[in-house]
Structure formats: structure tokens, C-alpha cells
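Secondary and tertiary structure notes
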Amino acid sequence: MTGTDASLPAGVVRREFDGRDRLATRGEPVYGEPTDGEWRAWDAGRSKLGGMLELGMETGLSGGETVLYLGAANGTTVSHVADFAGATYAVEFSPRPVRDLLDACEPRPNLFPLLKDARRPETYAHVVEADCDVLVQDVATRGQADVAVRNRRFLADDGRLLLAVKTRSEDVAAAPEAVFEETVADLEPTYEVLETRRLGRFHEDHLGVVATPR
Ligand SMILES: C[S@@+](CC[C@H](N)C(=O)[O-])C[C@H]1O[C@@H](n2cnc3c(N)ncnc32)[C@H](O)[C@@H]1O
């Protein structure tokens, strides 16, 4: 059974895998996820964006968007994004996961891997197209708000930032709430924050943020 859900982008459905209702996209499998015909389960426990969609956050995604994805790792989430989006630029600075990312890119002509540091957007500004619709960020590094601010230049004025903030990447000792507040405060001059939600059920100590450029 496949169900469409108005809050999900076109190309993302709810579908039953092994008796469990899961998010799914259509594409080649990447990380050993269950498949059913051309559908592949999107494991929200391994994907912050998947968790944001599962929790019903208003991501503004409708399908077909141009996406800049920061912190692509080995392609788990960005491969699902490329299954429903348009041109998808995947930035990752660690060479090891990029080898797997290249495999995920092979059957996806709209997915472009960039072995780059997301703190240095000037190093990929010549490749990424202007006015992206969506900036997805999951870098799990210190200075997550600063990375989002630096990459604002790629977003259209009415675009969306979909950010996963990991508290322990900022300060292992600080209370998660304090880190979340500080991160949102650092975003505020550059972005209007539309929604925040703890991703707890899927990702401990992570905050999902939806924002739009000011
Ligand atoms: C939590 S993992 C990302 C998981 C991935 N988003 C997914 O859901 O499939 C964080 C990734 O961010 C990468 N990263 C951290 N700092 C970075 C930076 N400054 N530039 C690019 N990538 C970075 C790490 O190497 C790591 O692969």
C-alpha cells in the first residue's frame, strides 16, 4: 500500500515495509534499506530530514526543488533528496564517506558531489547555481549557525533553510536547551526562524529548524 500525504513533497510517500508504515522514495538503494519494487524505505532514525518530515514539520518542500545539501556524508539522506528534488549539490569535506557518496550519485544524474568544506562557500560558489530553493544542513560541527549564515548566499530570497542542530557538536557539557537558544539567536540576524522542533524520538539532542532568509 502506498499513501500520499499532503504534508510530504511529491515523490515522497508513506508505504508499508515489513508491516511498518515508513517514508519512501523511488530510486536505487544506498544503505541497505528495505525496498519494494522501485520504492526504498527512508529511515528517519538515520536521517534528520527524514525525522523532520516524520514529525510533520512544515519544510515547504513540494518536490523538484534545487537543493544545496551540507554534510552529505555517505549519501544516506541526500540520495532520498535527489530522488524527489531537482539539481542537488552535496557538500562533504571528509574524503572517506565521499567514496560511498559517489556510488549514490552514479544512478542519479541530478546529484552532484562536492568534496568541500561548508565553512568555505567561496570554494564551491562557481559550481552551485544561484537562488537554490532549499539549503539542507546537517554538518554536526562546531559553529553550525555560522555555516548556515555563510551559505545564505546560495538561497533564493524566498528559499528555505532546513537545519539539524546537534547540541553535542557545539558544547558537550552545555544543556541542550542553551545550545538551541544560542544557535537560533545566531541565525536570527540572517534568517527568520519559522519553526523549531526537537527531533528526540528519532535523534537525541537534535533540533530541527525551518527558516527563511530575511
Ligand atoms: C551527521 S553526519 C551527516 C549525515 C548525513 N547528513 C545523512 O543524513 O545522511 C555529518 C557530516 O558532516 C560532515 N561535516 C562536518 N563538518 C563539515 C564541514 N565543515 N564541511 C563539510 N562537511 C562537514 C562530516 O564529515 C559528516 O560526514
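Keep in mind that what you see is a predicted model, and the values were worked out from it rather than measured.

Moving on, we come to the site of the ligand. Taken together, the neighbourhood of the ligand is formed by 17 residues, with Gly71, Ala73, Thr76, Thr77 and Ala118 sitting nearest. Contributions of two or more residues to the shell around the ligand are made by α2 (76–84) and β7 (88–92). Each residue belonging to the shell around the ligand can be placed in one class, and the counts come to seven nonpolar, six polar and four charged.

Okay, the domain arrangement of the protein chain next. One frequently used descriptor of interface size is the decrease in accessible area upon assembly of the parts. On domain assignment, one finds that the protein chain holds domain 1 (2–42) and domain 2 (53–213). Every contact between the two is made by 14 residues of domain 1 and, on the other side, 15 residues of domain 2. Residues of the side of domain 1 that touches domain 2, tallied by class, amount to eight nonpolar, four polar and two charged.

Moving on: the pairing of strand β6 (residues 67–70). Residues Val67 and Tyr69 point to one face of β6 and Leu68 and Leu70 to the other, with burial holding for every one of them. On the question of chirality, the crossover connecting β6 to the parallel β7 by way of α2 is right-handed. Strand direction decides the pairing type here: β6 and strand β9 (residues 132–137), joined by four bridges, are parallel. Counted as the bridge partner of leucine 68 is leucine 135 from β9.

Turning to the nonpolar core, a few remarks are in order. Of all hydrophobic cores here, the largest spans 59 residues; its most connected members are Val67, Leu68, Tyr69, Ala90 and Val136. By residue number, the principal contributor to this core is strand β10 (residues 155–166), which donates six residues. When residues of this core are sorted by domain, at least three fall in each of domain 1 (2–42) and domain 2 (53–213). Not counting residues within four places of it along the chain, the set of residues in contact with valine 136 comprises Leu49, Val67, Tyr69, Leu70, Val81 and Leu162.

Moving on, we get to helix α6 (residues 176–187). Because each turn of an α-helix spans 3.6 residues, side chains separated by three or four positions in sequence point in the same direction. Here α6 spans 17 Å end to end across 12 residues, near enough to the 16 Å set by a 1.5 Å rise per residue. Buried-residue contacts for α6 involve α4 (144–150), β10, α5 (167–170), β11 (191–198) and β12 (206–213).

If you trace the seven strands from one edge of the open sheet to the other, you get β8-β7-β6-β9-β10-β12-β11, paired in mixed fashion. Looking at strand neighbours, the two that pair on one side only are β8 (111–115) and β11, the edges of this open sheet. Neighbouring strand axes in the sheet, compared pairwise and without regard to direction, differ in orientation by 15° on average. Alignment of β11 against β12, held across seven bridges, turns out to be antiparallel. Bridged to tyrosine 191 within β12 is proline 213. In the packing of helix α3 (residues 95–105) onto the sheet, the strands contacted are β7 and β8, and the crossing angle to β8 comes to about 165°.

Before going further, it helps to spend a moment on the pairing of β12. Among the eight residues in β12, six count as buried, and that is most of the element. Pairing of β10 with β12 involves six bridges; the strand directions are antiparallel. Note that in β12 the partner of valine 165 across the bridge is leucine 207.

The element α2 is largely enclosed, with a buried count of nine among its nine residues. For α2, the full list of buried residues reads Thr76, Thr77, Val78, Ser79, His80, Val81, Ala82, Asp83 and Phe84.

Conventions we followed
Residues numbered from 1 in each chain as written. Predicted model: local features only at pLDDT ≥ 70, side-chain atom pairs only at ≥ 80, totals over all residues. Near = placed C-beta within 6 Å. Helix = DSSP H or I, 4+ residues; strand = E, 2+ residues; numbered from the N terminus. Nonpolar A, V, L, I, M, F, W, Y, C, P; charged D, E, K, R; others polar. Domains from an automatic or database assignment. Contact = placed C-beta atoms within 7 Å. Buried ≥ 20, exposed ≤ 12 C-beta atoms within 10 Å, placed from the backbone. Right-handed = clockwise from strand over helix to strand, strands pointing away. Pairing = 2+ DSSP bridges. Core = buried A, V, L, I, M, F, W, Y, C linked by C-beta atoms within 7 Å. Expected span 1.5 Å × (residues − 1). Axes fitted to C-alpha atoms, helices over the stretch in contact; angles between N-to-C directions.

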